[in-house]
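Working through the structure, step by step
The primary structure of each chain is shown beneath.
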Amino acid sequence: MIMSTAVIHGEGLGKEYRRGLQVDSGLRHALEDFVRSPLASLRRKKIEMFWALKDVSLEVREGEVLGLIGRNGAGKTTLLKILSRITRPTTGWAEIRGRVGSLLEVGTGFHPELTGRENTYLSGAILGMSKAEIERKFDEIVAFAELEKFIDTAVKHYSSGMYVRLAFAVAAHLEPEILLVDEVLAVGDINFQKKCLGSRRPHRRPRQPSAQPDPPPLPSRRLD
């Protein structure tokens, strides 16, 4: 039996953050604090750190699907951001083989003053699609979002549902070898959720005999 190749491999991944925001109050306030309490102003403030993710190792092989399940704050999104190269890990390392697509936040790159058409090209480019690829898939994206009559309207006039449908439609038409998904499949009403889930299944497009297996998504939190 031939073993499939590991496309995602991580060892000892961890991410540490500083709790709270350190704000420079300026010279005037510093002098006022010194006059009010000299000893307290000279005392170094304690920096509180916390681990958003700690000592996580994983391996995903070609064709496999891995789901991350956990409560809020468990570090699921942090792990996906590390694997997407958005965030650098504090500890550990990760190796990914293949073209990566990330659906971590719906609406990446959308600008309220631009039309749906313009935002489709903008968001698609930010997500890594070429202009030719966007043009080829444009009609399919608009049909998926069910916004044919509003595609040339500024998105600031869209309802939240229309905005989300277009944003997901753009992201759903990426063709990566590895797909990292957070919670964007839970957008919209129940009918659109079913369409979103259907768009990520293997039967969405015909596969050639020599084609690679469908990319392994990494959804989080929800089991259904």
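Residues numbered from 1 in each chain as written. Predicted model: local features only at pLDDT ≥ 70, side-chain atom pairs only at ≥ 80, totals over all residues. Heavy atoms only, no water.

1. Considerations on the overall build of the protein
Per the secondary structure count, the protein includes 7 helices and 5 strands. Summarising the internal contacts of the protein: among those between residues at least 6 apart in sequence, 76% fall at separations of at least 24. Surface exposure of the protein reaches about 14100 Å², of which carbon and sulfur atoms provide 53%. (Helix = DSSP H or I, 4+ residues; strand = E, 2+ residues; numbered from the N terminus. Contact = heavy atoms within 4.5 Å. Areas by Shrake-Rupley, 256 points an atom, 1.4 Å probe, with all protein chains shown as cover.)

2. Observations regarding helix α6 (residues 160-172)
A rise of 1.5 Å per residue sets the reference length of α6, with its 13 residues, at 18 Å; its end C-alpha atoms lie 18 Å apart and thus fit the reference within 8%. Taking burial as the measure, the 13 residues of α6 include 10 buried ones, the bulk of the element. Taken residue by residue, α6 has Met-162, Val-164, Arg-165, Leu-166, Ala-167, Phe-168, Ala-169, Val-170, Ala-171 and Ala-172 as its buried positions. (Expected span 1.5 Å × (residues − 1). Buried < 20%, exposed > 50% of the residue type's maximum accessible area, 1.4 Å probe, protein only.)

3. Focus: the confidence of the model for the protein
Residues at a pLDDT of 70 or more form 69% of the protein, whose mean pLDDT is 78. Segment residues 202-213 is flagged for pLDDT under 50; beyond a separation of four residues in sequence, or across chains, it makes 14 contacts in the model. (pLDDT = per-residue confidence, 0-100.)

4. What about the nonpolar core?
In this structure, Leu-103, Leu-147, Tyr-158 and Leu-166 are the most contacted members of the largest nonpolar core, which totals 24 residues. Counting residues per element, the ones that place at least two in this core are α5 (131-145), α6 and β5 (178-181). Broken down by element, the residue count for this core peaks at 8 residues, all from α6. Leaving out residues up to four positions away in the same chain, Leu-166 has contacts with Phe-110, Gly-116, Thr-120, Ile-141, Ala-145, Leu-147, Ile-151 and Tyr-158. (Core = buried A, V, L, I, M, F, W, Y, C linked by side-chain atoms within 4.5 Å.)

5. So, the sheet that holds strand β3 (residues 91-96)
If you walk across this open sheet you meet the 3 strands as β2-β1-β3, and the pairing is antiparallel. Lying at the two open borders of the sheet, with one neighbouring strand each, are β2 (49-61) and β3. Strand-to-strand, the axes of this sheet are offset by a mean angle of 15°, without reference to chain direction. Two strands pair when backbone bridges link them, and strand β1 (residues 6-18) and β2 are joined in this way by 9 bridges, in the antiparallel orientation. What sits directly across from Ile-8, in β2, is Val-60. (Pairing = 2+ DSSP bridges. Axes fitted to C-alpha atoms, helices over the stretch in contact; angles between N-to-C directions.)

6. Focus: the packing of α5 against α6
At a minimum axis separation of 8 Å, α5 and α6 run at an interaxial angle of 140°. Judged by the angle between their axes, α5 and α6 are oblique. α5 and α6 meet at a crossing whose hand is right-handed. Mapping the contact onto sequence places Ile-141, Phe-144 and Ala-145 in α5 and Arg-165, Leu-166, Phe-168, Ala-169 and Val-170 in α6. Residues that form the contact of α5 with α6 fall into these classes: 7 nonpolar, no polar and 1 charged. (Parallel < 35°, antiparallel > 145°, perpendicular 65-115°, else oblique. Left-handed = near helix turned anticlockwise from the far one by under 90°. Nonpolar A, V, L, I, M, F, W, Y, C, P; charged D, E, K, R; others polar.)

7. Structural notes on the pattern of salt bridges
Tallied over the full model, the rule gives 5 salt bridges. Two residues, Arg-97 and Glu-95, come together in a salt bridge whose shortest N-O distance is 3.5 Å. The partly exposed category is assigned to Arg-97, whose relative accessible area is 43%. With a closest N to O distance of 2.8 Å, Glu-133 and Lys-137 form a salt bridge. Of this pair, Glu-133 and Lys-137 both sit in helix α5, 4 residues apart, roughly one helical turn. Comparing Glu-133 with Lys-137, the two get one shared label, buried. (Salt bridge = Lys/Arg side-chain N within 4 Å of Asp/Glu carboxyl O.)

8. Some points on α5
Bending of α5 peaks at approximately 55° at the position of Lys-137. When α5 is considered as a whole, its buried residues turn out to be Glu-133, Ile-134, Lys-137, Phe-138, Ile-141, Val-142, Phe-144 and Ala-145. Positive phi shows up at Glu-146, right after α5, with a value of about 60°. (Bend = angle between axes of the 7 residues up to and from the residue.)

9. Section: the packing of helix α4 (residues 116-126) against α5
One can describe the packing of α4 onto α5 by two numbers: an axis separation of 10 Å at closest approach and a directional angle of 130°. Of the possible angle classes, the one that applies to α4 and α5 is oblique. Between α4 and α5 the crossing geometry is right-handed. Residues Arg-117, Thr-120, Tyr-121, Gly-124 and Ala-125 of α4 form the contact with α5, whose participating residues are Lys-131, Ile-134, Glu-135, Phe-138 and Ile-141. Broken down by class, the residue content of the contact of α4 with α5 amounts to 5 nonpolar, 2 polar and 3 charged.

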